[in-house]
Amino acid sequence: MSDTVATFWIISKQGEVFELGDSPKPRKKELAFKLTEENYNSWGYITIQIKGVSYSKNRVLLNDHFVGYLDPTPNDIWVEQTLIVEVYDKQLFGDGPTNKLVIESNNHTGGSDGNLDDFSFKHVIFHYRTNR
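Per chain, residues are indexed from 1 in the order of the written sequence. A pLDDT threshold of at least 70 governs which residues receive local features in this predicted model, and a stricter bar of 80 or more applies before side-chain atom pairs are shown or counted, although totals over entire chains, interfaces and linings include all residues. For side-chain calculations, the full set of non-hydrogen atoms in the structure is used, while hydrogens and water are omitted.

## Some words on the overall build of the protein
How we decide: Note on conventions: DSSP H or I runs of at least 4 residues are helices, E runs of at least 2 residues are strands, and numbering of each starts at the N terminus. With a 1.4 Å probe rolled over the protein chains alone, any residue whose accessible area is under 20% of its type maximum counts as buried; one over 50% counts as exposed, and the rest are partly exposed. Residue contacts follow a heavy-atom distance rule, with two residues in contact if any of their heavy atoms lie within 4.5 Å. Note on areas: Shrake-Rupley, 1.4 Å probe, and residue coverage restricted to the protein chains presented here.
A tally of regular secondary structure across the protein gives zero helices and nine strands. Here the protein holds 132 residues, and the buried ones make up 40% of them. Sequence-distant contacts in the protein: of pairs separated by 6 or more residues, those separated by 24 or more amount to 78%. When the accessible surface of the protein is summed, it comes to about 7500 Å², and 49% of that surface belongs to carbon and sulfur atoms.

Structure, rendered in structure tokens:
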């Protein structure tokens, strides 16, 4: 019998949709959240619903640490993507500072100027394991 449980933290609100890309849309979105339980494992993961991704260089960062790139999505349908995260000291829990998840829209080479990728995302969840 295990003394660990899967825990998840909903980062975005129900029905909240974010759009990134060329002006007047923002190039990146920062989402702040607090974790109430200390992590047990050395890894966690982020799930996100996303659509309209054309380029493979749109970055995801957690507390200024690179997590991964968003995969291009087919057509204009919502697709779930999962990114693995090393936990250790990269996630903050308790009464301390909040965690900061940043999703960036970049151009086809990964730069922040020129023709940026226009896409939408929603339903952002951080999953990890805790001791109870």
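## Some remarks on unusual backbone geometry
The bulk of non-glycine residues show a negative phi, and the bulk of peptide bonds are trans. Of note, the bond from S23 into P24 is cis; its omega dihedral lies within 30 degrees of zero at 15°. Structurally, P24 is set in the loop between β2 (17–20) and β3 (28–33). Phi at N75 takes a positive value of approximately 50°, unusual for a residue other than glycine. Of note, N75 is situated in the loop between β6 (65–69) and β7 (79–86). For N75, a relative accessible area of 69% corresponds to the exposed category. Despite not being glycine, H123 has its phi angle at roughly 50°, a positive value. Positionally, H123 belongs in strand β9 (residues 119–131).

## Observations concerning the side chain of N63
Defined as follows: Distance and chemistry together define a polar contact, namely a pair of N or O atoms within 3.5 Å, with one atom able to donate a hydrogen and the other to accept it when in protein, and with adjacent residues in sequence counting only for side-chain atoms on both sides.
Here N63 shows up in the loop between β5 (59–62) and β6. Take N63: its relative accessible area is 14%, and that puts it in the buried class. At a separation of 2.9 Å, a polar atom in the side chain of N63 contacts the side chain of N99.

## Let's talk about the packing of aromatic side chains
In plain terms, the rule: Each aromatic pair joins two rings of Phe, Tyr and Trp (for Trp, the six-membered one) with centres within 6.5 Å, and gets the label stacked for planes under 30 degrees apart, edge-to-face for over 60, and tilted for any other angle. Put simply, a charge is over a ring when the Lys NZ or the Arg CZ is close to the ring centre, within 6 Å, and near the line of the ring normal, within 35 degrees.
Overall, the coordinates contain three aromatic pairs when judged by the stated rule. Relative to Y69, the ring of F66 has its centre 5.0 Å away and its plane inclined at 65°; by these criteria the two rings are edge-to-face. Positioned above the aromatic ring of Y69 is the side chain of K57, whose terminal nitrogen or guanidinium carbon lies 5.3 Å from the ring centre.

## Regarding the sheet that holds β6
Stated formally: In this description, strands pair whenever DSSP reports at least two bridges between them. All axes are obtained by fitting lines to C-alpha atoms, using only the stretch in contact for helices, and the reported angles, taken between N-to-C directions, cover 0 to 180 degrees.
What the four strands build is an open sheet, ordered β3-β8-β5-β6; its pairing is antiparallel. Each end of this open sheet is capped by a strand with a single partner; those strands are β3 and β6. Sheet twist, expressed as the average angle between the axes of neighbouring strands with direction ignored, equals 20°. Note that β3 and strand β8 (residues 99–104) share six bridges and pair antiparallel. Looking at the pairing, L31 lines up with L101 of β8.

## Considerations on the environment of T7
Inspection of the secondary structure assignment puts T7 in strand β1 (residues 4–10). Put simply, T7 and H127 are 120 residues apart on the chain and 5.8 Å apart in space, counted from C-alpha to C-alpha.

## Regarding the nonpolar core
A general tendency of soluble globular proteins is for nonpolar side chains to be buried together. The line we're drawing: To define a nonpolar core, start from buried Ala, Val, Leu, Ile, Met, Phe, Trp, Tyr and Cys residues and group those joined through side-chain atoms within 4.5 Å.
Membership of the largest hydrophobic core comes to 23 residues, with the highest contact counts inside it found for L101, I103, F119, F121, V124 and F126. Only β2, β3, β4 (43–51), β5, β7, β8 and β9 provide two or more residues apiece to this core. Contacts of F119, omitting those with residues within four sequence positions, involve F18, E19, L20, I50, K51, G52, V53, N58, L70, I103, E104 and S105.

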